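# Reading the structure
If you want the building blocks of each chain, they are given just below.
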Amino acid sequence: ANDELAAYDTFLDLAYSWDVDAIGLYGLKVGTMGFAYLESPGNATDGFDNDEDGIIDEKRDNVAVSFVGPRDGIDNIEDFLKFYQLTEADLREHWDADEDQDWESFADANANGRWDEGEDINDDVGLDGKGPGELGYLGPDVDGTEGNGRPDLKIGVGCEPDFGLVDVTETDMLGLTSFRLFPIPDHVPPYRYWFRNDESMWDLVGADSLVPFIGAVSNLAEVFATGVFPLYGGNIERISMSQLHSWDDGKNIKAGDPVVNPPIALFELKKIVQIIYETDYRFAQPPVMPTLTATPGDGFILLTWNNDSEIKTRDAFLKNENDFEGYRLYKASDRNLTDAVQITDGYGNPKERQWLFNCDLVNGRKGFAGYGLVDGGAFYLGTDSGIQHSYRDEVVQNGRTYYYALVAYDYGMPDIGVRPSENNFELKVDEAENITFVSKNVAIAVPRQEAAGYKVEASSEVIPTVTLGTGSISANLLARKAAINGAEYKVKFQIERIREIRNMDWGLQWAASGLKVYRSVDGSDVMVYQENAENPGQMIADSTESLGYWFIKTDSAVSDIFDGISLTLRTPVELAEYDYLRSGWQTGEGPIRITPSATEAIFFPWDYDLIWQEPFTSAFIIKISTRIKDENGVRIQDGLMGQQTFPFYVQNSSIIDPVTKQPRKMEMVGHDLNADGQFDLVNDRILVGAVDDKGTWAGTVFIIDFNDAASASDIPATGSDAVYKVKFNRPFFETDSLMFRLNINESTLGENMAEALKQIKVVPNPYVATNALEPSLANKDFNQRRRIMWTHVPANCTIKIFTSSGIFIQEIDVQNSAENGIAYWDLLTKDRLEAAAGMYIYHLKAAATGDEIMGKFAVIK
């Protein structure tokens with residue numbers, strides 16, 4: 001007794017109490033206790049930002065009326081970004097009633113303006129709050145609110161996730177507004193500040209007043225309250241509180257305002273339970289589900305996927321943190337992927353699937369997670385291998401059906417022992433075991449030969465752009481099924497500034513340290529691929545030099561697969577350097593020599609033109625303090641001559657002067673080599689350099705001399721319009737854009753179809769009872785479906801099957817996709833009877849050309 005204190009924290013809406021010596025009755029350890037608001041009533045009419053989230057007067061019972069801009073509805077952008085842990089790039093167009101911008105409409109993957117099965121429904125699940133794939137889902141909402149592209153709310157009926165009634169932060173909550181700590185009063189009338197005097201208690205809890213206790217330690221009463229708020233007819237206000245307990249040591253907690261040493265554990269508990277409450281007890285969620293595409297080939301299947309999991313994941317449980325960690329790819333030959341379940345728990349029970357392929361971020365999170373164990377089994381985080389977006393599976397058999405599931409996983413919550421989580425996947429079959437639905441992270445593929453006569457040609461049509469960087473780009477088609485014919489792409493670059501010249505905005509040395517690829521979708525750019533120092537891939541490397549920068553690999557850097565293609569970026573240099581091959585006379589001629597500075601040209605690696613249009617008079621004055629260096633970086637002590645007139649001028653064709661709006665003219669200084677006190681073009685030379693905004697010589701870019709001329713007449717005269725170009729090869733710059741369009745042409749009309757048909761085979765031949773091409777059945781009431789396969793058939797053809805005596809028993813009409821060169825027969829006759837054992841003859845005719853071929857096969861039972 002008589003040694004308790006209490007304090008408060010308005011950001012957490014928390015009041016907490018502790019024992020000052022941390023010793024309780026009988027010497028027992030005493031913990032710390034707190035009361036906190038998880039949700040408090042709001043005031044949506046006072047014109048004040050009560051919860052300091054950057055929004056004024058938000059509320060949870062307003063309906064969506066209009067679609068507004070990214071900043072609309074935000075009063076204080078800094079408070080908004082801090083409260084919701086966002087960046088300005090995260091702001092987006094949103095519905096007006098979704099004030100915190102967290103409701104997400106369905107993903108219109110095929111851009112047809114409506115939700116289709118297989119597309120992500122996201123938060124657009126309708127008033128019942130449940131969407132496809134969730135427990136208790138009974139089908140689309142009958143009121144049409146599911147997948148309608150707008151957030152829905154109806155009082156007394158329901159509400160969609162992350163919106164309105166179920167979105168706590170859409171209330172302008174008052175939070176903790178009243179706190180007072182005082183000795184327990186005498187229990188005598190009028191019972192002031194005690195629970196038998198309504199008027200005095202109203203004065204106490206209704207006062208907008210937070211009073212830290214500064215008096216003596218004693219047996220204390222603590223008042224903790226929120227208000228005053230309006231409650232209008234028909235409106236709903238919610239109050240939710242948590243009672244928190246921790247083992248913070250009371251001896252280390254200091255009273256006062258502000259609190260010097262707060263109870264850290266108690267504060268963390270409040271943050272965790274607040275997130276649980278605000279996410280409607282949904283706890284941690286796995287990353288955004290990726291989209292998996294399988295492109296079958298002859299003896300292989302190429303699996304590719306997008307990067308949605310990496311760039312779109314925001315775990316509300318972690319205050320919108322992107323906790324994506326890696327990918328796992330599962331493979332099986334059965335529809336339920338049961339033959340992938342090989343990993344056992346600590347009791348030896350098969351519990352988890354063995355992955356075919358795993359990749360993860362390079363971030364130090366690797367090996368087994370020592371938290372969130374399930375029956376002794378730990379989650380494996382990977383090896384810091386780096387992220388990939390493709391896998392080529394060559395352990396396959398042509399004609400056999402394979403099932404793949406790709407899951408993205410996060411790293412869990414190590415601090416509180418939450419296990420890493422991965423995406424679910426779904427594959428539905430009907431009672432006849434026909435597949436009716438697969439989630440977008442599931443792919444089904446049959447490796448096969450290409451169709452006879454099939455031909456595909458792909459080209460990347462470069463869209464001309466002007467760039468500072470030197471190089472070219474091309475696209476390589478690798479996965480036809482994932483590629484988008486006619487898609488336009490833009491490549492943007494990230495640079496690392498290695499060194500900059502003071503007092504200049506155009507003197508720097510840089511390396512292209514990363515890139516992002518955007519695909520144009522409905523007038524906006526969607527990022528589909530990226531590489532940088534935080535997410536390195538196949539295109540960039542870490543410099544081994546002491547400067548320690550990242551750079552795009554020179555010559556040919558090839559990207560990982562995205563959208564079914566990979567990029568080849570050809571850049572000649574890691575850092576900028578003088579280009580001897582492309583420098584030279586454009587018009588005119590003469591015995592000129594250009595010598596770039598070995599130490600200073602790297603900071604001014606632009607393109608320059610020497611133009612003999614008009615004379616140029618140097619304004620630069622040579623002072624004793626002027627530090628001009630020669631081509632070797634050595635300071636020139638004597639012979640410098642400023643304010644000279646030259647028969648040409650030098651302009652920087654890459655940099656536009658912000659004042660004149662014209663190419664920037666370079667400064668020139670004469671160097672009297674023969675020390676005769678006079679400057680002449682034939683015997684002396686010219687230093688071309690950059691001057692900073694303070695008029696100081698910032699560096700020598702290159703040196704010009706005409707020392708090989710026999711006389712001045714060998715040099716172009718002023719007004720001759722002669723032009724000599726000085727060019728540098730440069731890494732790509734942050735303002736550069738490389739653009740291209742993907743063009744794919746497919747044809748099933750081969751030049752020699754008759755010759756192509758000779759490759760056709762029947763597999764297996766002979767057919768004996770059963771074979772591995774036939775899919776297994778989970779339903780024991782069905783026999784295994786029998787089938788044989790033809791390879792290398794045309795995409796469109798007919799196959800007629802006869803007995804050895806010439807009796808027609810079946811016709812197969814093949815209508816495959818352009819590249820598919822296999823066809824099946826289920827060994828049933830046209831009368832739906834099982835084919836008998838014996839020899840059979842087939843006749844195949846190509847629909848496109850009329851070419852024919854015959855062959856035979858046997859059936860053994």
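Residues numbered from 1 in each chain as written. Predicted model: local features only at pLDDT ≥ 70, side-chain atom pairs only at ≥ 80, totals over all residues. Heavy atoms only, no water.

### Details of the overall build of the chain
Our working definition: Strands here are runs of E lasting at least two residues and helices are runs of H or I lasting at least four, both read from the DSSP assignment and numbered beginning at the N terminus. Partly exposed residues are those whose accessible area sits between 20% and 50% of the maximum for their type, while under 20% is buried and over 50% is exposed, using a 1.4 Å probe and protein chains only. Whether two residues are in contact is decided by their heavy atoms, any of which lying within 4.5 Å being enough. His is not counted here, nor are the chain ends, while Lys and Arg score as positive and Asp and Glu score as negative. By convention, the charge on Lys lies at NZ, on Arg at CZ, on Asp at CG and on Glu at CD.
Across its full length, the chain carries 5 helices and 54 strands. With the C-alpha coordinates aligned to their principal axes, the bounding extent of the chain is approximately 115 × 105 × 55 Å. Sorting the 861 residues of the chain into buried and exposed places 48% on the buried side. Residue pairs in contact within the chain that sit at least 24 positions apart in sequence constitute 67% of those at least 6 positions apart. The average position of the 74 basic charges and that of the 136 acidic charges among the side chains of the chain differ by 6 Å.

### Looking at the sheet that holds strand 18 (residues 390-393)
For the record, the criterion: Paired strands are those between which DSSP finds at least two bridges. For helices, the axis comes from a line fit to the C-alpha atoms of the stretch in contact; other axes are also lines fit to C-alpha atoms, and the angle between any two N-to-C directions lies between 0 and 180 degrees.
Strand order in the open sheet formed by 3 strands is 12-13-18, with antiparallel pairing between adjacent strands. In this open sheet, the two strands that pair with only one neighbour each are strand 12 (292-297) and strand 18. Sheet twist, expressed as the mean angle between neighbouring strand axes with direction ignored, is 15°. When strand 13 (residues 300-305) meets strand 18, the two strands line up antiparallel, connected through 4 bridges. The partner of L303 across the bridge, within strand 18, is Y391.

### Brief notes about the side chain of E99
Rules: Just to be clear on terms, a salt bridge is a Lys or Arg side-chain nitrogen sitting within 4 Å of an Asp or Glu carboxyl oxygen. The definition of a polar contact used here is a pair of N or O atoms within 3.5 Å, where within protein one atom must be able to donate a hydrogen and the other to accept one, and adjacent residues in sequence count solely through side-chain atom pairs.
Topologically, E99 is positioned in the loop between strand 5 (94-95) and strand 6 (153-154). Here E99 is buried and forms no salt bridge, its nearest opposite-charge partner K59 lying at an N-O distance of 7.6 Å. Reaching out from E99, the side chain makes a polar contact with the side chain of N62 at a distance of 3.1 Å. Contact partners of E99, with chain neighbours within four places excluded, come to I55, E58, K59, N62, F80 and E170.

### Considerations on a nonpolar patch on the surface
Heads up, the rule is: Only residues above 30% relative accessible area that lack a salt bridge enter a patch, with like-charged residues linked at up to 9 Å and the nonpolar side chains Val, Leu, Ile, Met, Phe, Trp and Tyr linked at up to 5 Å. Areas reported here follow the Shrake-Rupley algorithm with a probe of radius 1.4 Å; residue values treat only the protein chains shown as occluding.
Side chains of L25, Y26 and L28 sit close together on the surface and give an oily, nonpolar patch of about 450 Å² of accessible area. Mapping L25 onto the fold places it in the loop between strand 2 (14-19) and strand 3 (32-39).

### Focus on the packing of aromatic side chains
Just so we agree on the cut-off: When two rings of Phe, Tyr or Trp (its six-membered ring) have centres within 6.5 Å they constitute a pair, described as stacked for plane angles under 30 degrees, edge-to-face for angles over 60, and tilted for the intermediate range. Either the NZ atom of lysine or the CZ atom of arginine qualifies as a charge over a ring when it sits within 6 Å of the ring centre and within 35 degrees of the ring normal.
Throughout the structure, instances matching the rule amount to 41 aromatic pairs. Members of the aromatic cluster, connected to one another through ring pairs, are W305, F324, Y327, F357 and Y391. The aromatic ring of Y409 is capped on one face by R328, whose charged end is 5.5 Å from the ring centroid.

### Some words on the sheet that holds strand 19 (residues 402-410)
As a general point, the strands of a sheet are linked pairwise by backbone hydrogen bonds and lie either parallel or antiparallel. An order of 17-14-19-22 is seen for the 4 strands of this open sheet, with the pairing classed as antiparallel. Both edges of this open sheet fall to strand 17 (357-360) and strand 22 (442-445), since each of them pairs with a single strand only. Across the sheet, the mean angle from the axis of one strand to that of its neighbour is 15°, orientation sign disregarded. The sheet contact formed by strand 14 (residues 324-332) and strand 17 spans 4 bridges and is antiparallel. Residue pairing in the sheet places Y327 in a bridge with C359 of strand 17.

### Examining the pairing of strand 53 (residues 838-846)
Judged from the 7 bridges that link them, strand 50 (residues 796-803) and strand 53 form a sheet pairing that is antiparallel. Its bridge partner lying in strand 53, T803 is registered against Y840. Counted along the chain from strand 53 to the antiparallel partner strand 54 (residues 852-860), the turn is 5 residues long, and its residue G850 has a positive phi close to 85°.

### Concerning the nonpolar core
The tendency in soluble globular proteins is for nonpolar side chains to be buried side by side. Filter applied, for reference: To qualify as a nonpolar core, a set must consist of buried Ala, Val, Leu, Ile, Met, Phe, Trp, Tyr and Cys residues joined through side-chain atoms within 4.5 Å.
Formed by 46 residues in total, the largest nonpolar core has its most connected members in F604, Y608, L610, V650, F702 and I704. Those elements that place two or more of their residues in this core are strand 26 (508-521), strand 35 (608-611), strand 39 (649-656), strand 42 (685-691), strand 43 (697-705) and strand 44 (723-726). Take this core: its biggest share by element is 4 residues, from strand 43. Core analysis: the second largest hydrophobic core is formed by 27 residues, A756, I788, I809 and F857 among them.

### Concerning the pattern of salt bridges
Enumeration over the complete set of coordinates arrives at 36 salt bridges. For D705, the salt bridge is made with R593, and the minimal N-O distance between the two is 3.1 Å. A residue pair is termed long-range when its members are at least 10 positions apart, and D705 in strand 43 and R593 in strand 34 (residues 593-596) qualify at 112 residues. Overall, D705 belongs to the buried group, its relative accessible area being 6%. Judged by relative accessible area, R593 falls into the partly exposed class, the value being 36%. Salt-bridge contacts for D607 lead to K727; the nearest nitrogen and oxygen are separated by 3.1 Å. With D607 in the loop between strand 34 and strand 35 and K727 in the loop between strand 44 and strand 45 (728-729), the pair connects residues that are 120 residues apart, well separated along the chain. Here D607 matches K727 in class, with each residue buried. Bridged by salt links that share partners, the residues D345, K351 and D375 form one connected network.

### Quick look at the environment of G564
In this structure, G564 sits in the loop between strand 30 (555-558) and strand 31 (565-571). For G564, a relative accessible area of 0% translates into the label buried. Sequence separation between G564 and N306 is 258 residues, and the spatial gap between their C-alpha atoms is 9.5 Å. Those residues in contact with G564 that lie beyond four places of it in its chain are N476, L477, L478, A479, A482 and A483.

### Concerning helix 1 (residues 77-84)
To keep it simple, the criterion reads: This arc is taken over the directions from the axis of the helix to the C-beta atoms.
For helix 1, every residue scored as buried is listed here: F80, L81 and Y84. End-on view of helix 1: buried residues confined to an arc of 90°, all on one side of the axis. Of the exposed residues in helix 1, the ones pointing more than 90 degrees away from its buried face are E78 and K82. Sitting at the amino-terminal end of helix 1 is N76, which places a side-chain oxygen 3.1 Å from the backbone nitrogen of E78. Phi turns positive, to about 50°, at Q85, one or two residues after helix 1.

### Some words on the pairing of strand 11 (residues 240-246)
Side chains of strand 11 alternate between two faces, with S240, S242, L244 and S246 buried and M241, Q243 and H245 left unburied. Here strand 3 pairs with strand 11 via 7 bridges, running antiparallel. Paired with T32 across the bridge in strand 11 is S246.

### Considering unusual backbone geometry
Put simply, V763 and P764 share a cis peptide bond, and its omega is -10°. Look at the link from N765 to P766: it is a cis peptide, with omega at 10°. By the secondary structure assignment, P766 is in the loop between strand 47 (761-763) and strand 48 (767-768). Here Q101, not a glycine, exhibits a phi torsion of approximately 60°, which is positive.

### Side note on helix 2 (residues 198-206)
Among all positions in helix 2, only S200, M201 and L204 are buried. The buried side chains of helix 2 occupy one side of the element, clustering within an arc of 100° when seen end-on. Looking at helix 2, the residues exposed on the side facing more than 90 degrees away from the buried face are D198, E199 and W202. The secondary structure elements touched by the buried residues of helix 2 are strand 8 (178-183) and strand 10 (220-225).

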